[in-house]
Amino acid sequence: MPPETSKNILATTMKYHARELADDVTTHIPLLKMMLDKASLKVRGGSKLVFPLEVGDNTSTLAYEGYQTLTITDDDILDYAEVRWARYNTSYQYSDDDEAFNDGEEQVIDFIATRIKNTKNSLKKILSAHLFEDGSSMGGKALYGIPYYVRTDTTTTADVAGIDQGTKTWWRNAAVNNAGGSYGAWGSATNKYGRSAISDLFIDLTRNEDYPGLGIMDKASFKKLKKEYAQAELYQLGSNQNEKKKYYGSRSFVVDDVEMAFDVNCPANTFYALNMDYMKFYIHKKKNFQWIPAMRPTNQAAQVGHIRVYLQLVCTNRSLQGVIYGIS
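Everything in this summary refers to the structure shown in the same document. (Residues numbered from 1 in each chain as written. Predicted model: local features only at pLDDT ≥ 70, side-chain atom pairs only at ≥ 80, totals over all residues. Heavy atoms only, no water.)

Per the counting criterion, the structure on display carries three salt bridges. In this structure, the salt-bridge partner of Asp37 is Lys33, at a minimum N-O distance of 3.1 Å. Here Asp37 pairs with Lys33, and both are found in helix α2 (residues 30–37), just four residues apart, close to one helical turn. Judged by relative accessible area, which is 31%, Asp37 ranks as partly exposed. Overall, the relative accessible area of 17% leaves Lys33 in the buried class. The partner of Lys38 in a salt bridge is Asp277, with the nearest N and O atoms 3.2 Å apart. Taken together, the positions of Lys38 in the loop between α2 and β1 (41–44) and Asp277 in the loop between β12 (270–274) and β13 (279–284) put the pair 239 residues apart, joining distant regions of the chain. (Salt bridge = Lys/Arg side-chain N within 4 Å of Asp/Glu carboxyl O. Helix = DSSP H or I, 4+ residues; strand = E, 2+ residues; numbered from the N terminus. Buried < 20%, exposed > 50% of the residue type's maximum accessible area, 1.4 Å probe, protein only.)

Moving on, we get to a nonpolar patch on the surface. A cluster of nonpolar residues, Leu62, Tyr64 and Leu70, forms a patch on the protein surface that exposes about 300 Å² of accessible area. Tracing the sequence through the fold places Leu70 in the loop between β2 (49–52) and β3 (80–83). (Patch = residues over 30% accessible without salt bridge, like charges linked within 9 Å, V, L, I, M, F, W, Y side chains within 5 Å. Areas by Shrake-Rupley, 256 points an atom, 1.4 Å probe, with all protein chains shown as cover.)

Of all hydrophobic cores here, the largest spans 60 residues; its most connected members are Leu131, Tyr149, Tyr272, Leu274, Phe281, Phe289 and Leu311. The element best represented in this core is strand β15 (residues 302–315), accounting for seven residues. Those residues in contact with Leu274 that sit more than four places away from it in its chain are Leu31, Ile146, Val150, Pro212, Gly213, Leu214, Ile216, Met279 and Gln321. Tyr183, Leu201, Leu225 and Phe271 belong to the second-largest nonpolar core, a separate cluster that totals 21 residues. (Core = buried A, V, L, I, M, F, W, Y, C linked by side-chain atoms within 4.5 Å. Contact = heavy atoms within 4.5 Å.)

Turning next to the packing of aromatic side chains. In this description, an aromatic ring pair is defined by two values, namely the gap between the centres and the angle between the planes. Evaluation of the coordinates by the stated rule reveals eight aromatic pairs. Note on Tyr144 and Tyr148: the rings are 3.9 Å apart at their centroids and 10° apart in plane angle, and the pair reads as stacked. Accessibility expressed as a relative area gives 7% for Tyr148, which makes it buried. Summarising the aromatic geometry, the rings of Trp170 and Trp171 are spaced 6.2 Å apart at their centres and angled 55° between planes, so their arrangement reads as tilted. When its relative accessible area of 15% is taken as the criterion, Trp170 is described as buried. Connected via pairs of aromatic rings, a cluster forms that spans Phe222, Tyr229, Phe253 and Phe262. Taking the ring centre of Tyr144 as reference, the NZ or CZ of Arg84 above it sits at 4.4 Å. Arg151 extends its terminal NZ or CZ atom over the ring of Tyr148, reaching a point 4.9 Å from the ring centre. (Phe/Tyr/Trp six-rings, centres within 6.5 Å; stacked < 30°, edge-to-face > 60°. Lys NZ or Arg CZ within 6 Å of the ring centre and 35° of its normal.)

Attention now moves to the side chain of Asn275. Relative to the assigned elements, Asn275 resides in the loop between β12 and β13. Note on Asn275: relative accessible area 1%, which makes it buried. Reaching out from Asn275, the side chain makes a polar contact with the backbone oxygen of Tyr211 at a distance of 3.4 Å. Not counting residues within four places of it along the chain, the set of residues in contact with Asn275 comprises Asp210, Tyr211, Pro212, Gly213, Leu320 and Gln321. (Polar contact = N/O pair within 3.5 Å; in protein donor to acceptor, adjacent residues only side chain to side chain.)

Spelled out as structure tokens, the structure:
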């Protein structure tokens, strides 16, 4: 095969797989898949993410008669929060030997497919892990995951998306210390501890038609909780409830219409109750898994290209999110 033909196949196939990568990442990470289904996965531009909050009450609302003075109170509620973009880059490379030894259209395509598969798996692995971290990894450049917005310590001074949760009480999530309360160990013979903690948390997080839609935890806690509900025969398997649920994780069950699932990346001994209506995932429109063609370094017999994406998770209402920690 002529060298130029080989290069064209490499470029065309790599560009196609870069577009495919975006779909693969967003549909094979359970949390992102749920956001995609809820139309909460969005594309936006800009140098930073400024997003409106959905918290607080307007205290100027009142019933009145005639010429009664109306309330025009300026509530102490911020309208917007702000976070940075998390920038991710993954490179692909091939040497002159790779190009020479894969001397046929099928060989070239198979070679690229293998490289892209590795790239997809690596990126999915990193993003899946970072969704359950607080954004401090990789030198503080990683995306803000669930623990950044849903914290076990909600009363100390801490900047969360540019707002101090210490002074703004409405900008706090619910947090339950399972080890410090009267709930006791999950999966116990008494068949109430895990269920009691979750029931109390769900009640605290319910506001009219707003209630958690997902309970996600580490694998060990999931096993204990499933045992609790199985003993009382109080749950049904998620796949029997709704066909779409199997895409969020086949190893799940449903309680009060809330999907219960586990994630291997979830912090140990932790249960998150999430209202996904207030969780959004943004991808930058100019760095939406952008394919950057390979170029030849001056000191190597190889070519190196990149796939680049800017993204971020945001929460527009922390008060409707909750966590149980210290599970035993």
